[in-house]
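These are the residues of each chain, in order.
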Amino acid sequence: MSLKVLKPGLATSVQDGGREGYYHLGIPPSGALDQYALRAANLLVGNPATAAVLECTLLGPQFEVQRDALVAICGAAMTPRLDGAEMPLDTAFRVRAGQVLGFDFIKAGARGYIAIDGGIAVPPVLDSRSTYGLGAIGGFNGRRLQAGDELPLGEPNPRGQEGLVLPRSLQIDVGGEVSLRVLPGLYHHRLTAQAAERFFADTWTVGSEADRTGYRFKGGTPMEFEPREQPFGAGSDPSNIVDACYPIGSIQVPGGLEPIILHRDAVSGGGYATIGTVISPDLNLMAQMQPNQKAHFVAITLEEALAARRRYNQQLEKLHRFFLA
């Protein structure tokens, strides 16, 4: 049985936990930009935590499920409507075969994760069902969904429980001004001292170009780089370097003007200096930022970054323990 897409929304695609292990070949991990919301939605309907779901951005899809199913939506505040009736977020609810599920406009956050019991059963590509649109691989035909698409569904897990609600303590707030923690490096030393100070002091605004490849931030003070004679193989702009690897979350500033933070569909390397990296737990927060939303960058040490990762992993453990109770 399948799910039939009636309206695709703005940028809806199939995503799971990601396609790890191929970044050195230029194939990024892809997968859900908000990994926590992915796991919460899946666990609510009895799926494995990283099963394939629908990730929608700013405007949700409308679809018909062609078998009885449990559905849960986590992430952005986007009211589900089942045959027009309002349904709850962060809750497993029943959809009968032939019913139509749609969504109101997103009120806060940017991405919703729609989990269906059994998961979206498109064929795996390189061990993942995630869509990598730039490479046209994975997901449904390697692209965002379109009206008329019919996606196969897996077999439901009998553990699924209608009416199960994610406790408030395990939900993540979205919206408002966001602080993104940054570990300075690899080329942070290329900034002047004043530019480095202003980067962390300024208030930045998410640009309209924000997508799965990266988020552009605007409104801060242009950054200056320490003068030097550009080495052979680097471009002429001071922000250029001889090509280097780009970690997910790394921050590049072409021309010193607007920081771009790379996300899960980003290329694996290039010729821009990366002045730091947003830590992995905060990439979930960034994924829920809308255009024009404001942010501050906060410099932290490696020890603080590792402590933040431990706390995030503890939160994931609490999430999983709730569903084992």
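Here is what the cut-offs are and how they apply
Residues numbered from 1 in each chain as written. Predicted model: local features only at pLDDT ≥ 70, side-chain atom pairs only at ≥ 80, totals over all residues. Heavy atoms only, no water. Disulfide = S-S within 2.5 Å. Buried < 20%, exposed > 50% of the residue type's maximum accessible area, 1.4 Å probe, protein only. Pairing = 2+ DSSP bridges. Helix = DSSP H or I, 4+ residues; strand = E, 2+ residues; numbered from the N terminus.

In the nomenclature of an unreviewed UniProt entry, the protein is known as Biotin-dependent carboxylase-like uncharacterized protein of Pseudomonas oryzihabitans.

Participant: Please clarify how the state of the cysteines should be interpreted in this entry.
Facilitator: A covalent bond between the sulfur atoms of two cysteines is referred to as a disulfide. Overall, the coordinates contain zero disulfides when judged by the stated rule. No disulfide involves C56; its sulfur sits 12 Å from the nearest other cysteine sulfur, which is in C74. Under the relative-accessibility criterion, C56 is labelled buried at 0%.

Participant: When you look at the pairing of strand β12 (residues 178-184) in this model, what are you seeing that I'm missing?
Facilitator: Along a regular strand, successive side chains alternate from one face of the sheet to the other. Pairing between β12 and strand β20 (residues 294-299): five bridges, direction parallel. By the bridge assignment, L180 is partnered in β20 with F297. Across three bridges, β12 lies against strand β19 (residues 274-278) in antiparallel orientation. Looking across to β19, one finds that L183 is bridged to T277.

Participant: What should I look at first to understand unusual backbone geometry in this one?
Facilitator: A negative phi holds for most residues other than glycine; trans holds for most peptide bonds. Phi at L126 is positive, roughly 50°, even though this residue is not glycine. Here L126 shows up in the loop between β10 (108-116) and β11 (150-152). Using a relative accessible area of 34% as the deciding quantity, one classes L126 as partly exposed. Of note in the backbone geometry, N141 takes a positive phi value of approximately 60° without being a glycine.

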